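# Notes for the structure review
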Amino acid sequence: MRIALVTLVLLVLLLPASAQADTGITVSCNGAPCSADWYTTNVHVSFILPDHSSNPQGCGDQDITQDTGGQTLSCSVVVSGSQCCRLDVTIKRDATPPTATAVALARAPDVGGWYNHPVGVTTSGTDALSGIASCTSTTYAGPDAGSATVSGTCRDNAGNVSAPLTTTFAYDATPPSVTGATARGADAGDWFNHPVAVAFSGSDSVSGVDSCTSTTYSGPDSGGATVSGSCRDKAGNTGTATVSLKYDSTPPSVTGATPARAPDADGWYNHALGVAFAGTDATSGIASCDAPTYDHPDAKDASVTGRCTDNAGNVSAPSTFPFQYDSTPPTLRDLLVTASDHSVALAWKASTDVTSVKVLRARGGAAPVTLFSGKRVLAYTDRTALDGNRYTYTIEALDVAGNVATTKTTATPSAPLIAPRESAHVSGGVLLRWRATKRAAYYNVQIWHGGRKVVSVWPAGTSYRTHRLAPGRYTWVVWPGFGARSRHEYGAMIGKSSFVVSR
C-alpha cells in the first residue's frame, strides 16, 4: 500500500499544469487562470485547496514582482491523512520593454545626401529576457523636409513595446518650380527678329536649386515658337518650363507699287504723285509699306523707291517704281494784239516744249468759246469778231505732260474811223474818234464840206471835237504823223468817212 501511494505522488508531480487540476488543487493568477505566456506586470498567485485537505506545503498566496524566465511555485496537501496531492505552476514575467537599437534606411541617399523618392525604413532592437518578437518597418514618401524623421519601435515576446527610436534624413521628392524669360524685350510689337537668349530660373523650398539651363532661340520663324528649359534641385529632381515667343527674322517682300492716279497726259505726270507700295510676309504679316510722294525734279526717267516693314520690324529690300514727270509749265511771252475792222490778230512767242495751243474768246460774262485747238502755232487771227465788241482772248500753251501756260489780252475790233458811224446824223459840235496807229506822234484830221476843206488840225491823241458846224453832209479823213510835225512825215491814210449835221 505504501508503494502504491508513492507511485501516485510521482504521477502527480509529472503531470503538466493543465492536467494537474485532477489533483483537486487549483491555482489562479491575478484572479484568472494562470497562463503559460509571459506576464508583463506583477503576478499574484493563489492556490485553492480541495476540501478535507491538510498540511498544505507552499500553498500560500505569492507575488512575483521580478522578471523571470520561469519561476515554478509548488503546492502540496495531505488528503485523508495521506500526502497525496501536489500542483506546480511556472510563471514567466517580463515587464521590461525591449530596446530599439537602430532605425535604418533601405538604401543610400539618391543625390547629394538627399532622398528623392520613397525609401524603406526598418527598425531593429534587443530584449534581454523574452526576446524580440517584431520591429516596425515602413516606407517614407513625404512630406519633403530637410530633416525628415521616421520613428520605429520593437515589441518583445511578452508584448512590451520599446521606446521609439528616431532617425533623421533629408527628403525632397518635389521638382523645383521653373520659369523662363527672354534676355531682352521684343524687337517690334511682340515679335523678335534676331536670335534671343532665353534663361530659366527656379525655386525650391526644400533642397534648393542646384542648376538651370539656358539657350538661344534663332529660328525657325513661327508665330508660336516655344523654348523648353529645366532646373534641377540639390536632391536631383528636375522641373521643366517653356517660354512662348513670336519669332520672324525673314524680311518681307515688295509685291508691287500703285500710283494714286493715271498719268496726267500722254504717259506723263505733271503734279505731285503719290505711290503706294504693297508687300507680303509669310509669318508676322505686313505692318506697313512706304507711300512716298514725288514732286521734283522733272525727269523722263523719274522714279520713287519704297520698302515694306513686317510686324516683327524686318524691312524688305527696296523696290523702284519708274515714271515720267514734268511739272514745269511752258512759257508764253510777248503777246501782241492788233484789232482791225471785223478782225483781231494775235501773235506770241512760246518755249520749245509747247506741243499744242488753244485760243479762247470771251465777251462780257459769257463762257469762253474755243476758236482754235491744235498743234503748236505762234499766231492766230480772229476773223469772226464784230466791230465794237470788247473781247477777252486767252492763249493756252500745253506741253507733252499737259502743263499749261496761259496769257490773256483784250481787244475791240472796229473800223479805222470809229465815230461817228458812217452817215450818222449829228448836231452841233462833233466828237471824232479813230483807231490809233503804232508809233504815231500826232494825226492830221481834215473835214470837207461841199468840196471845200473846212477843218485841218493835228491832235496828238485819237479824238477831236469840232466847233459847231452848219447843217449839211461832211467828209472827214485821218492820217498818222511820225516824228516832228516840221518833218511832214505821214503814213497811209487811216480812214475816210462821212456824217450829216442836222441842225
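Residues numbered from 1 in each chain as written. Predicted model: local features only at pLDDT ≥ 70, side-chain atom pairs only at ≥ 80, totals over all residues. Heavy atoms only, no water.

## So, the overall build of the protein
When you go through the protein residue by residue, the secondary structure sums to 1 helix and 47 strands. Summarising its shape, the C-alpha atoms of the protein cover approximately 230 × 45 × 35 Å along the three principal directions. Counting the 503 residues in the protein, one finds 34% classified as buried. Entry remark: accessible area of the protein is about 26200 Å², with carbon and sulfur atoms responsible for 52%. (Helix = DSSP H or I, 4+ residues; strand = E, 2+ residues; numbered from the N terminus. Buried < 20%, exposed > 50% of the residue type's maximum accessible area, 1.4 Å probe, protein only. Areas by Shrake-Rupley, 256 points an atom, 1.4 Å probe, with all protein chains shown as cover.)

## A word on the sheet that holds strand 19 (residues 196-203)
Strand order in this open sheet of 3 strands is 17-19-21, and the pairing throughout is antiparallel. Among the strands making up the open sheet, the edge pair consists of strand 17 (177-182) and strand 21 (214-217). Sheet twist, expressed as the mean angle between neighbouring strand axes with direction ignored, is 25°. The pairing of strand 17 with strand 19 spans 6 bridges and is classified as antiparallel. Each bridged residue has a counterpart across the sheet, and for Thr179 the counterpart in strand 19 is Ser201. (Pairing = 2+ DSSP bridges. Axes fitted to C-alpha atoms, helices over the stretch in contact; angles between N-to-C directions.)

## Brief notes about the pairing of strand 38 (residues 404-411)
Examined bridge by bridge, strand 37 (residues 391-399) and strand 38 share 8 bridges and lie antiparallel to one another. By the bridge assignment, Leu398 is partnered in strand 38 with Val404. Following strand 37, the chain reverses through 4 residues before pairing antiparallel with strand 38; Gly402 in that reversal takes a positive phi of roughly 85°.

## A word on the state of the cysteines
Enumeration over the complete set of coordinates arrives at 5 disulfides. There is a disulfide in this structure between Cys29 and Cys34, and the S-S distance comes to 1.9 Å. Every disulfide takes its handedness from the sign of the S-S torsion; for Cys29 and Cys34 that torsion is 95°, giving right-handed. We classify Cys29 as buried; its relative accessible area is 2%. With relative accessibility at 24%, the residue Cys34 sits in the partly exposed group. Two residues, Cys59 and Cys75, share a disulfide whose sulfurs are 1.6 Å apart. Between Cys59 and Cys75, the S-S torsion sits near 100°, and that sign places the bridge as right-handed. Within this pair, whereas Cys59 is found in the loop between strand 5 (53-57) and strand 6 (62-64), its partner Cys75 is found in strand 7 (residues 68-79), the two being separated by 16 residues in sequence. Given a relative accessible area of 11%, Cys59 falls into the buried group. (Disulfide = S-S within 2.5 Å.)

## Let's talk about the packing of aromatic side chains
This model, assessed by the stated rule, comprises 14 aromatic pairs. When the ring of Tyr140 is compared with that of Phe169, the centres are 5.2 Å apart and the planes differ by 85°; the resulting orientation is edge-to-face. Linking Tyr140 in strand 13 (residues 137-140) with Phe169 in strand 16 (residues 165-171), this pair joins segments that are 29 residues apart in sequence. Relative accessible area serves as the criterion here: at 10%, Tyr140 is assigned to the buried category. Take Phe169: its relative accessible area is 6%, and that puts it in the buried class. Judged by centre distance (6.4 Å) and plane angle (80°), the rings of Phe323 and Tyr325 are edge-to-face. Given the relative accessible area of 7%, Phe323 is considered buried. Three or more aromatic residues link up through ring pairs in this structure, and these residues are Tyr269, Tyr294, Phe321, Phe323 and Tyr325. Here the basic side chain of Arg361 rests over the ring of Tyr391, its NZ or CZ set 4.7 Å away from the ring centre. The positively charged end of Arg485 is found above the aromatic ring belonging to Trp458, 4.1 Å away from the centroid. (Phe/Tyr/Trp six-rings, centres within 6.5 Å; stacked < 30°, edge-to-face > 60°. Lys NZ or Arg CZ within 6 Å of the ring centre and 35° of its normal.)

## Let's talk about the nonpolar core
Core analysis: the largest hydrophobic core is formed by 17 residues, its most contacted members being Leu432, Trp434, Trp476, Val478 and Phe499. Put simply, the parts of the chain that give this core at least two residues each are strand 41 (431-434), strand 42 (442-449), strand 43 (452-457), strand 45 (472-482) and strand 47 (495-501). Core analysis: the next-biggest nonpolar cluster, separate from the first, contains 16 residues, Val43, Val45, Leu73 and Cys75 among them. (Core = buried A, V, L, I, M, F, W, Y, C linked by side-chain atoms within 4.5 Å.)

## Let's talk about the sheet that holds strand 14 (residues 145-152)
Reading across from one edge, 10-16-14 is the order of the 3 strands in this open sheet, with mixed pairing throughout. Two strands in the sheet have a free side with no partner beyond their single neighbour: strand 10 (114-115) and strand 14. Summarising the sheet, strand 10 and strand 16 pair through 2 bridges and their orientation is parallel. Paired with Tyr115 across the bridge in strand 16 is Tyr171.

## Some details on unusual backbone geometry
Pro143 follows Gly142 through a cis peptide bond whose omega is 10°. If you trace the backbone, Pro143 turns up in the loop between strand 13 and strand 14. Here the residue pair Ala419 and Pro420 is connected by a cis peptide bond, since its omega of -5° sits within 30 degrees of zero. When you line up the elements, Pro420 lands in the loop between strand 39 (417-419) and strand 40 (424-426). Notably, Arg439 is not glycine yet its phi reads approximately 70°, a positive angle. On the secondary structure map, Arg439 appears in the loop between strand 41 and strand 42. The backbone of His488 shows a phi angle near 55°, a positive value even though the residue is not glycine. With respect to the element layout, His488 can be found in the loop between strand 45 and strand 46 (489-490).

## Notes on the side chain of Asp172
Within the secondary structure layout, Asp172 lies in the loop between strand 16 and strand 17. No salt bridge is formed by the buried Asp172. Its closest oppositely charged neighbour is Lys234, at 10 Å. The contacts of Asp172, once residues within four sequence positions are left out, are Trp114, Tyr115, Asn116, Asp144, Asp204, Val206, Ser207, Asp233, Ala235 and Asn237. (Lys, Arg positive; Asp, Glu negative; His and termini not counted. Salt bridge = Lys/Arg side-chain N within 4 Å of Asp/Glu carboxyl O. Contact = heavy atoms within 4.5 Å.)

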